[in-house]
Structure formats: structure tokens, C-alpha cells
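# Summary of structural features
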Amino acid sequence: MKNKRSFTTELSAHQILEIDACTQCGECLKHCPVQDVTGNPAVSPPEKIRMFREFIRATDGLKARLFGPAEVDQKLLQDFTKAVYECTTCGACGQNCPVGIFTQRLWPMLRKEMVKRGLGPIGAQAETPAAIKNSGNPYNKPAGERYKPWFPEQVKVADRSDIAYYAGCTGAYEAQPMVKGDVLVLNAIGEPFTMLPPEEEVCCGFPLFITGQHDLLKDLVTRLVKGYKAKGVRKLVCSCPCCVNIMTRDWPAIYGEALPFKIRHITQHVSEAIKNGKLQLRNKLSESVIYHDPCYLSRGVGVIEEPREVLRSIPGITVLEFERHGLNSRCCGSGGAARKVYHENAIAMGRQTIDEAVAKKADRLILACPACYAKVNEAMQGHKNQIRITDIMELVSGLI
Ligand code: SF4
Ligand code: SF4
């Protein structure tokens, strides 16, 4: 009986129209990294849309209205759930969809529907809410270890300031050279910045949002917004594209009103500081580097030029590009919390990124996302191709 319930309650009218509008043309298939490494058509964007459309038809279609909703087969629902959670939510399918379906938003909302039905999330993703409730972060690590292992002694944090830095859970616990680089660069800019105490800098909510588990979002967002408001913050600088994404796109609706501060990715903040002369990169780097656009930074919030501006301001550097870059970048495999469950897919995608960087004869692969940083480093272990991996602010902090 439960499989006769409507499948459209978590979707906006626009998203229902998007599902209806898919022509099954298959254009998106050419751009899907999961399809690429698995070769499994069941995980493909049109197949997911086709299946979900059938579910809607069974419970909300014309026949359902005339004769009552039909029961949707449980096995089909399970297959769909697996497919929608295997996706990295990279959004490349939507970027290349002639109909303009905004898949980077659609897939998480379909996941939310599966959570409501008790089918999602999958595997370790289900532990995230309890971990965040217990420790404030999805890794269930102690708050006392959030800053301590990496925060440089010489950097002073103001009690109150216009500018705040949010390290984020993945940066603080899984990609410490990144966040260390961030605060060293902020310090070099010379403007005071504040941070919340480690026990108050809780998760931004993205791992919950992306896996369809929305229950704790309001509490997390309210605590963070109030914390920064109390410190007089007008600009919140983050290292993680996923934090930037949910803060920009979703925090105002979750919080219930406009945020009292603007959100900036660290590359935006630093590129501005370079342009207005607050930061000068004097040390030369005679290397060719290749920059990987994080999906949630480029396709997510349109931050494409700023990281390149930062890199090009380094004397002596040559900046190379992946075949797929900017709005068309190929996911490194770390997105959508899929890496927690489909580890082998993530490693295979990470290795594609490494292989292309090596084929292009780059001296370094530059990343700007803690999830990319952690997973691509992992993908390189034991791989035939090796390259130096450096976070963009880790690089910059070593040149000032
Ligand atoms: S490109 Fe768009 S319309 Fe074509 S199959 Fe993919 S999602 Fe559907
Ligand atoms: S969001 Fe990315 S991984 Fe998911 S279906 Fe689209 S292209 Fe494939």
C-alpha cells in the first residue's frame, strides 16, 4: 500500500515538468562519469528519469486519477534508489541536456523522496545524521580536533570581524593542508578575520541535504547563522565548494530570511585581494599546473575564472586545462556522498583525472575542494600514474 503514495510531494512544479520534458535523447550519457566507469545503463540519467516517470504515472497519472493509484514494484524502487545514490550529483548531465533539466538539483530531491519511503540513504550515508548530532561533523570526530592539528600558531583570529572563515568538516578533518593554506593566505592579506569556536563550527548541512536527509538542516543552519551574526560578520569565506553551494542556494530558505552576510569561496576572496593589491605573489613558480574545476564550484555556483586568476598571478607559472573544464568539467568521483558507498567508482574517476593531468604533462594537479583533495590523493595510491597534488591555497601560501 505504501508504494501507492504520490511520488511528487518533494518536487517543485518545475521539477515535475523537467521529468516530463526529458526526451530520452541520450545526449547526457556522453558526459556522465559514473556511466563512463561502470558502463551500467541503469545508472544513466535518462534511465533514472524514465523510471521515476513511471512511478509518477502509476500514482499520479490519468489512470491513477480515474481508477486509483497502482502499486509500484518494490524491486523497481530498490533499483532506482541504488541508481540515484550511485550518481555523484556532478550535474554534467544537466549542463549538456538540450532541454535544460537542472539535474544537480533534481537528483538530491529524488533521493529525499526515497528517504521518505525508507529506501534511502545507502550504507554509511545513513550514519551521517547521528554523527552530526553527536559531534557536529559527519566524520564523528571530536570538536577539539577540528582546528588544533593544522591551525598555524602565528595566525591570529579576531574575536569579531566583518570577515569570517568557515573551515568546514571535510577540510578540517580530511584535507588539512588545504585549510592550513587558506588561513595562511587570509593572514597574509592582512585583514582581520574571525572564526567560530570549534564546537560551534558545526556541519553546513550539505552531507545531509545531498543524501536526502533534511531533518537536522534547520537546526544546523540557524546555529551557524546566529553565531556569525553575533560576531558582526558581513562576508563568510569558505574553502569547500559544497559548503558554498548549500549556503548560497539553500541557507536563506532553510533559515527563513536573507542571510546577514554574503558567501564567498576562498578563491573569490583571494582573487579580489590580488586585484586590489592587498596580496602580492612575488615568488616565482616555473611549473605547468593543471586546474580541476570542482563540480559544485563551477556548475554549482559559477566560480570558474577566479581560481584561474589566482593561478595566473603567480610569476612563471603555466596554467593548463583539462579537455573538459569550466562548466563542462568532469567529476573527479568525490561528489554526492557516493564515494562513501561506491568507493571503486570514485577511485576509477579520480584516476581518470590523474591520467589526463599526466598525459597533459602537468607538473602538478591543482584542486580547490577538500572532497576532491582527499579522494584524488587516495586514488593515486598504488596507481601507475603519479603526479603532485596541491590545493590552490596550499600552493599560494607557499609563495608569499
Ligand atoms: S540530455 Fe536531457 S532530455 Fe536528453 S536524455 Fe538526458 S536528461 Fe533527457
Ligand atoms: S549528475 Fe553526474 S554522475 Fe549523476 S547522472 Fe548526471 S552526469 Fe552522471
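Time to look at the overall build of the protein. On a plain count of helices and strands, the protein comes out with 20 helices and seven strands. Overall, the C-alpha framework of the protein stretches about 70 × 50 × 35 Å when taken along its three principal axes. Considering the protein as a whole, with its 400 residues, one finds that 47% of them fall into the buried category.

A few words now on the site of ligand 1. What surrounds ligand 1 is a group of 15 residues, the closest being Cys22, Cys25, Cys28, Pro46 and Cys97. In terms of residue count, helix 3 (residues 45-60) provides more of the shell around ligand 1 than any other element does, three residues in total. Partitioning the shell around ligand 1 into residue classes produces eleven nonpolar, three polar and one charged.

Another point: the domain arrangement of the protein. According to the domain assignment, the protein consists of domain 1 (2-120), domain 2 (124-271) and domain 3 (281-397). Taken over C-alpha atoms, the centre of domain 1 sits 31 Å from the centre of domain 2. Taken together, the contacts link seven residues of domain 1 with six residues of domain 2. Residue classes in the side of domain 1 that touches domain 2 are distributed as three nonpolar, two polar and two charged.

Each strand in a sheet pairs with its neighbour through backbone hydrogen bonds, running either in the same direction (parallel) or in the opposite one (antiparallel). One open sheet holds the three strands; their spatial order is 1-2-3, and the pairing between them is parallel. The strands lining the two open edges of the sheet, one partner per strand, are strand 1 (163-166) and strand 3 (262-265). Ignoring which end each strand starts from, the neighbouring axes of this sheet average 30 degrees apart. Pairing between strand 1 and strand 2 (residues 235-238): four bridges, direction parallel. Note that in strand 2 the partner of Tyr165 across the bridge is Val237.

The next thing to look at is the site of ligand 2. In the vicinity of ligand 2, 15 residues are found, and the nearest of them are Cys32, Cys87, Cys90, Ala92 and Cys93. Among the elements of the structure, helix 2 (33-38), helix 6 (92-95) and helix 7 (103-116) are those that each provide at least two residues to the shell around ligand 2. Classifying every residue of the shell around ligand 2 by side-chain character gives ten nonpolar, five polar and no charged.

Right, let's talk about the packing of helix 3 against helix 5 (residues 74-86) for a bit. For the pair helix 3 and helix 5, interaxial distance at closest approach is 10 Å and the crossing angle is 145 degrees. The element helix 3 and its partner helix 5 pack so that their crossing is left-handed. Contacts from Glu47, Lys48, Met51 and Phe52 in helix 3 reach Leu76, Phe80, Ala83 and Val84 in helix 5.

Before going further, it helps to examine helix 15 (residues 266-275). Along helix 15, the positions that sit buried rather than exposed are Ile266, Thr267, Gln268, His269, Val270 and Ser271. The secondary structure elements touched by the buried residues of helix 15 are helix 10 (176-189), strand 2, strand 3, helix 17 (305-312) and helix 20 (392-397).

What follows covers the sheet that holds strand 4 (residues 288-291). Read from one edge to the other, the open sheet built from four strands follows the order 5-4-6-7, with strand pairing classed as parallel. Bordering the open sheet on either side are strand 5 (318-321) and strand 7 (388-391), each of which pairs with just one other strand. On average, adjacent strands in this sheet sit at an angle of 35 degrees to one another, irrespective of strand direction. By the bridge criterion, three bridges tie strand 4 to strand 6 (residues 364-367) in an arrangement that is parallel. Along strand 6, the bridge assignment pairs Tyr291 with Ile366.

Here strand 6 pairs with strand 7 via four bridges, running parallel. In the strand pairing of strand 7, Ile366 is matched with Thr390. Each parallel crossover has a hand, and for strand 6 linked through helix 19 (residues 370-380) to strand 7 it is right-handed.

With respect to the element layout, Lys218 can be found in helix 12 (residues 217-230). Overall, the presence of 13 C-beta atoms within 10 Å leaves Lys218 in the partly exposed class. With 13 residues separating them along the chain, Lys218 and Gly205 place their C-alpha atoms 8.8 Å apart.

Cut-offs used in this document
- Residues numbered from 1 in each chain as written.
- Chains lettered and ligands numbered in written order.
- Predicted model: local features only at pLDDT ≥ 70, side-chain atom pairs only at ≥ 80, totals over all residues.
- Helix = DSSP H or I, 4+ residues; strand = E, 2+ residues; numbered from the N terminus.
- Buried ≥ 20, exposed ≤ 12 C-beta atoms within 10 Å, placed from the backbone.
- Near = placed C-beta within 6 Å.
- Nonpolar A, V, L, I, M, F, W, Y, C, P; charged D, E, K, R; others polar.
- Domains from an automatic or database assignment.
- Contact = placed C-beta atoms within 7 Å.
- Pairing = 2+ DSSP bridges.
- Axes fitted to C-alpha atoms, helices over the stretch in contact; angles between N-to-C directions.
- Left-handed = near helix turned anticlockwise from the far one by under 90°.
- Right-handed = clockwise from strand over helix to strand, strands pointing away.

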